[in-house]
Amino acid sequence: MKFPARPPVLPDLFRGLPVLTGQEIPAESAALCPTGAIKAGAKPQIDLGRCIFCGRCAQFAGNAVSFSREYRLAASTRAGMLHAGGEYPAARALDREARRIFGHSLKLRQVSAGGCAACEADVNVLGTLAFDLGRFGIQFVASPRHADGILVTGPVTKNMQSALLDTYAAIPEPKLAIAVGACAISGGIYSGSPETCGMPESIPVDLYIPGCPPHPITILDGLLRLLGRIR
Ligand code: SF4
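Structure report, in brief. Throughout this document, residue positions are counted from 1 along each chain, in the order its sequence is written. Whole-chain, interface and lining totals are the exception, using all residues; otherwise, since this is a predicted model, local features are given only for residues with pLDDT of at least 70 and side-chain atom pairs are given and counted only at 80 or more. Side-chain descriptors were evaluated using all non-hydrogen atoms of the structure, hydrogens and water having been removed beforehand.

## With respect to the overall build of the chain
Thinking step 1. Counting from the N terminus, the helices are the DSSP runs of H or I reaching at least four residues and the strands are the DSSP runs of E reaching at least two. Across its full length, the chain carries 7 helices and 10 strands.
Thinking step 2. Our radius of gyration looks at C-alpha atoms and nothing else; its globule reference is 2.2 Å times the residue count to the power 0.38. For the chain, the C-alpha radius of gyration of 17 Å lies close to 17 Å, the compact-globule estimate for 231 residues.
Thinking step 3. For the chain, the spread of C-alpha atoms along the principal axes amounts to about 50 × 45 × 30 Å.
Thinking step 4. Buried residues are those whose accessible area, probed at 1.4 Å on protein chains only, stays under 20% of the maximum for their type, while exposed residues exceed 50% and partly exposed ones sit between those limits. Per-residue burial for the chain yields a buried fraction of 51% across its 231 residues.
Thinking step 5. For the chain, long-range pairs separated by at least 24 residues make up 78% of all intrachain contacts whose partners lie at least 6 apart in sequence.
Thinking step 6. Residue-level accessible areas treat just the shown protein chains as cover; the underlying method is Shrake-Rupley with a 1.4 Å probe. With an accessible surface of roughly 11,100 Å², the chain has 52% of that area assigned to carbon and sulfur atoms.
Thinking step 7. Counted charges follow a simple rule, with Lys and Arg positive, Asp and Glu negative, and His plus the chain ends left uncounted. Each charge is placed at NZ for Lys, CZ for Arg, CG for Asp and CD for Glu. Between the centroid of the 23 positive side chains of the chain and the centroid of its 18 negative side chains there is a distance of 5 Å. The criterion used for residue contact is that any of the two residues' heavy atoms lie within 4.5 Å.

## Side note on the site of the ligand
Thinking step 1. Close to the ligand lie 14 residues, the nearest being Cys-33, Cys-51, Cys-54, Gly-55 and Cys-57.
Thinking step 2. Residues are grouped as follows: nonpolar covers Ala, Val, Leu, Ile, Met, Phe, Trp, Tyr, Cys and Pro; charged covers Asp, Glu, Lys and Arg; every other residue, Gly included, is treated as polar. When its residues are assigned to classes, the shell around the ligand shows 11 nonpolar, 2 polar and 1 charged. Residues are labelled near a given molecule or strand when at least one of their non-hydrogen atoms is within 4 Å of it.

## Considering the nonpolar core
Thinking step 1. One finds Ile-38, Leu-48, Ile-150 and Leu-164 to be the most contacted residues of the largest nonpolar core, which totals 37 residues.
Thinking step 2. Among the elements of the structure, helix H2 (56-60), strand E8 (149-153), helix H5 (158-170), strand E9 (176-180) and helix H6 (182-186) are those that each provide at least two residues to this core.
Thinking step 3. The contacts of Leu-48, once residues within four sequence positions are left out, are Leu-17, Pro-18, Phe-53, Leu-73, Met-81, His-83, Tyr-88 and Pro-210.
Thinking step 4. Only buried residues count toward a nonpolar core. Its members are Ala, Val, Leu, Ile, Met, Phe, Trp, Tyr and Cys residues joined through side-chain atoms within 4.5 Å. The next biggest cluster of nonpolar side chains, apart from the first, holds 32 residues, and it includes Leu-10, Leu-94, Leu-176 and Leu-220.

## Digging into the sheet that holds strand E5 (residues 82-83)
Thinking step 1. The antiparallel open sheet is built from 3 strands, whose spatial order is E2-E3-E5. Among the strands making up the open sheet, the edge pair consists of strand E2 (38-39) and E5.
Thinking step 2. For two strands to pair, DSSP has to find at least two bridges joining them. Of the pairings in the sheet, the one linking E2 to strand E3 (residues 45-47) comprises 2 bridges and is antiparallel in character. Bridged to Ile-38 within E3 is Ile-46.

## Overview of helix H7 (residues 216-226)
Thinking step 1. With respect to burial, H7 is a largely interior element, 11 of its 11 residues being buried.
Thinking step 2. Burial in H7 covers these residues: Pro-216, Ile-217, Thr-218, Ile-219, Leu-220, Asp-221, Gly-222, Leu-223, Leu-224, Arg-225 and Leu-226.
Thinking step 3. Check the buried side of H7 and you find it contacts strand E6 (106-112), helix H4 (118-124), strand E7 (138-140), E9 and strand E10 (207-209).
Thinking step 4. Following H7 by one or two positions, Gly-228 adopts a phi angle in the positive range, close to 75 degrees.

Right, here's the structure in full:
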């Protein structure tokens, strides 16, 4: 499937995949990153799972980092999000059997696990006419009993941990887990806070969608790649 049919219209301030020129980033500059996403040195690296796309590094290390308009940022593994420049690996599709089960109809239960509502807002936007998620057979459902998977936003606060675990447990097998936004992936700006726990290890993540918040087209692109609808 060709999607989108034409390049999406993105806001002027949109920051996509970082471009690393290969110039060194000194440790004192990398320390200015608010989420510790930058690995300093002669071969710098940006962890897209931590990055909040604030653009600060393009100011303090402008010779080393700039931002492209590439919105296709979803990843299949945490390691795949460690970006050192060059080609960024696209999210892999589920295996054949999982695509047979979920590929034409995917119901998701969304859990806001202590998020600020920005990721939640961009997930909600997927249901509007502009993106029309339902036309791809993907819908959000109220009950985890009716869901094929969970979509998590937020850094997983202590207050939300048991609700998240209960919701995941209530989804019948086989099931998927999707982490949307820097907070759900790494804790984002809340990383290290004593009030957050991070994604429980008992929830194996099938798809990571970076951003703070991710643009809706980034989320949709990731979901469609997971289902093997686009490659
Ligand atoms: S854009 Fe990302 S890597 Fe750069 S300073 Fe902000 S959080 Fe750090």
